[in-house]
Amino acid sequence: MASTSITRIVPTDCGLRQSSGTKLCNFRLPTRRVQNRLDFGKGSAIQSKKSSNSMVALASASTVTHSSRTTRIACKGATDVSGDSSPSGTNTYQKIIELLTTLFPVWVILGTVIGINKPAAVTWFKADLSTLGMKFLMLSMGMTLTFKDFGRCLRNPWTVVVGFLVQYLIKPMLGFVIATSLKLSRPLATGLILVSCCPGGRASNVVTYISKGNVALSVLMTTCSSIGAIVMTPLLTEFFFDMRIPVDAAGLALSTFQVVLVPTVLGVLSNEFFPKFTSKITTVTPLISVILTTLLWTSPKLFSFSKIGQVSEVLKTQGSQLLFSVALLHGMAFAVGYGISKTSFGESTSRTISIECGMQNSSLGFFLAHKHFKDPLVAVPSAVSVICMALFGSAMAALWRNQPTPADDDKDDFKE
């Protein structure tokens, strides 16, 4: 028996109208079902015809049969079926989340103002809560990654090397040049150079995540720069201050392992084994990350020592010159990191390296200043660094989030 194509039996647009004038919807039947109706074997009401003219007549009869009561389905019903599959509330909900996330700089500014003028409003977010919050942030970022993402980044270690060199060679020199050019007082200049010798901060991972950058590369760079600080920070401080300032190697390594690596790996594992569950959570994690990061940056008792609230008096009396110098350090670090990496890497990789270079571990700088220098003013640049880093980081995150890169933007950076 001759095989008949469905497109020759059923028209693509029946064009029928009811008596009310409502246009009937397009009507198609599955090819296999129609063919079964045509080829139902012996005793069939329709016999195979060798003549093409007979087949045309059959198609015409089918069209007429189409216009019977069984095909009277109004287009209004089809419109209801072909509408948005997702509820309109879901789209509105996602838009609200995106808007609140994009307003990251606004929340940081509000939190900073509150932290400086009314520290009691944020002192409840103490060391234990801040550590727990940071672990949750790394866990949520890990949920967006797979082990293949880390494997891709390891194919080209030069991405990490470039970030490391900018972090520990160019940026300390920037700190020294800015401190001497602006003629800061000795304690403030010492504090500025000290913070420029510190590794990248964990908040860089959050900013990279919000910016839709390469989070896996950011985590690797943070880990390498943190471990490298065990050797590089003492060497740099000996070079600039003629005194070796030791870094607690065991403490820094343990903190990096507990706060960065373990939560990230757990997040990756949850994404690997429970993808449906993690996909629901990751729709709101950008906003949660913004809220927690704002608290981390503005809490005066972050990591068991004051950051913003308790240095408010110093900021009010000597803040203008210091704010300008610290802001210049961070701004130039962002720009230099982006400019150098852009000459060799794609947009996504360049953004990640820029953020890693511009975001400092000011907590470490504050701790080292208090432990190894008698003058309390040495610690002030690290505290001011939190404000500048928060403002620059949140602004870059908001800017780059609205300018997403293609999914394969950095594919050439991590070739097989």
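Note that the coordinates shown come from a computational prediction; the quantities given were computed from them, not determined experimentally.

Caption draft 1: The arrangement of the overall build of the protein in detail. Along the backbone of the protein there are 19 helices and zero strands. Residues counted as buried form 47% of the 416 residues belonging to the protein. Contacts in the protein between residues at least 24 apart in sequence constitute 83% of all its contacts with a sequence separation of at least 6. Summed over its atoms, the accessible surface of the protein is roughly 20,800 Å², and 63% of this surface lies on carbon and sulfur atoms.

Caption draft 2: Molecular detail of empty space enclosed by the protein. The final tally for this structure, using the stated rule, is two cavities of 30 Å³ or more. One number sums up the size of the second largest cavity: a volume of about 40 Å³. Elements with a contribution of two residues or more to the lining of the second largest cavity: α9 (158-181) and α12 (215-241). It is α9 that provides the largest number of residues to the lining of the second largest cavity, a total of four residues.

Caption draft 3: Looking closely at the confidence of the model for the protein. Residues with a pLDDT of 70 or more make up 72% of the protein, whose mean pLDDT is 74. Note on residues 1-89: pLDDT is under 50 here. Beyond four places in sequence and across chains, it has 67 contacts. Confidence over residues 301-309 falls short of pLDDT 50; this stretch has 37 contacts with residues more than four positions distant or in other chains.

Caption draft 4: Molecular detail of unusual backbone geometry. The phi dihedral of Lys183 is positive, around 50°, even though this residue is not glycine. Note that Lys183 resides in the loop between α9 and α10 (186-196). A positive phi angle is found at Lys212, which is not glycine, with a value near 60°. Looking at the element boundaries, Lys212 is found in the loop between α11 (203-210) and α12.

Caption draft 5: Focus on the nonpolar core. The biggest cluster of nonpolar side chains holds 45 residues, and the ones touching the most others in it are Phe104, Met134, Phe150, Trp297 and Met359. One finds Leu188, Ile193, Val326 and Val384 within the second-largest nonpolar core, a separate group that totals 35 residues.

Caption draft 6: Region of interest: the pattern of salt bridges. Enumeration according to the criterion identifies three salt bridges in this entry. The residue Arg401 makes a salt bridge to Glu98 at a minimum N-O spacing of 2.8 Å. With Arg401 in helix α19 (residues 380-401) and Glu98 in helix α5 (residues 88-102), this pair connects stretches of sequence that are 303 residues apart. Taking the relative accessible area as the measure of exposure, Arg401 reaches 8% and is therefore buried. One salt bridge connects Glu347 with Arg351, and the closest N-O pair in it is separated by 2.7 Å. Placement of both Glu347 and Arg351 in helix α17 (residues 347-358) is noted, with a separation of four residues, approximately one turn of the helix. Glu347 sits in the buried class, given a relative accessible area of 14%.

Caption draft 7: Region of the structure containing the packing of aromatic side chains. Counted by the stated rule, this structure contains six aromatic pairs. Centre to centre, the rings of Phe164 and Tyr168 are 4.9 Å apart; their planes meet at 55°, and the pair counts as tilted. Of this pair, Phe164 and Tyr168 both sit in helix α9, four residues apart, which is roughly one turn of the helix. Each ring, one from Phe239 and one from Phe240, has its centre 5.0 Å from the other, and the planes form 80°; the classification is edge-to-face. Residue classification places Phe239 among the exposed positions, given a relative accessible area of 63%. Of the residues examined, Phe240 reaches a relative accessible area of 18% and is grouped as buried. Clustering of aromatic rings is evident, with ring pairs tying together Phe176, Phe239 and Phe240.

Caption draft 8: Inspection of the side chain of Ser385 at higher detail. Structurally, Ser385 is set in helix α19. Reaching out from Ser385, the side chain makes a polar contact with the side chain of His330 at a distance of 2.7 Å. When sequence neighbours within four positions are dropped, the list of residues in contact with Ser385 reads Val195, Val326, His330, Gln360 and Ser362.

Caption draft 9: Here's a closer look at the packing of α10 against α19. The contact between α10 and α19 brings their axes to 7 Å, and the two run at 55°. One element, α10, and the other, α19, form an angle in the oblique class. Of the two possible hands of crossing, α10 and α19 adopt the one that is right-handed. Contact with α10, carried on its side by Leu188, Gly191, Leu192 and Val195, involves Val380, Pro381, Ser382 and Ser385 of α19 and no other residues of that element. Of the residues belonging to the contact of α10 with α19, the class tally is five nonpolar, three polar and no charged.

Caption draft 10: Local environment of the environment of Gln94. Looking at where Gln94 falls in the secondary structure, it is placed in helix α5. The class for Gln94 is partly exposed, based on a relative accessible area of 42%. Along the primary structure Gln94 and Thr283 are separated by 189 residues, whereas in three dimensions their C-alpha atoms are 7.7 Å apart.

Reading the values: the criteria
Residues numbered from 1 in each chain as written. Predicted model: local features only at pLDDT ≥ 70, side-chain atom pairs only at ≥ 80, totals over all residues. Heavy atoms only, no water. Helix = DSSP H or I, 4+ residues; strand = E, 2+ residues; numbered from the N terminus. Buried < 20%, exposed > 50% of the residue type's maximum accessible area, 1.4 Å probe, protein only. Contact = heavy atoms within 4.5 Å. Areas by Shrake-Rupley, 256 points an atom, 1.4 Å probe, with all protein chains shown as cover. 1 Å grid on protein atoms, 1.4 Å probe; cavity = no way out; pocket = protein on both sides within 12 Å on 5 of 7 lines; lining within 4 Å. Points joined across faces, edges and corners; volume = space filled by probe spheres on them. pLDDT = per-residue confidence, 0-100. Core = buried A, V, L, I, M, F, W, Y, C linked by side-chain atoms within 4.5 Å. Salt bridge = Lys/Arg side-chain N within 4 Å of Asp/Glu carboxyl O. Phe/Tyr/Trp six-rings, centres within 6.5 Å; stacked < 30°, edge-to-face > 60°. Polar contact = N/O pair within 3.5 Å; in protein donor to acceptor, adjacent residues only side chain to side chain. Axes fitted to C-alpha atoms, helices over the stretch in contact; angles between N-to-C directions. Parallel < 35°, antiparallel > 145°, perpendicular 65-115°, else oblique. Left-handed = near helix turned anticlockwise from the far one by under 90°. Nonpolar A, V, L, I, M, F, W, Y, C, P; charged D, E, K, R; others polar.

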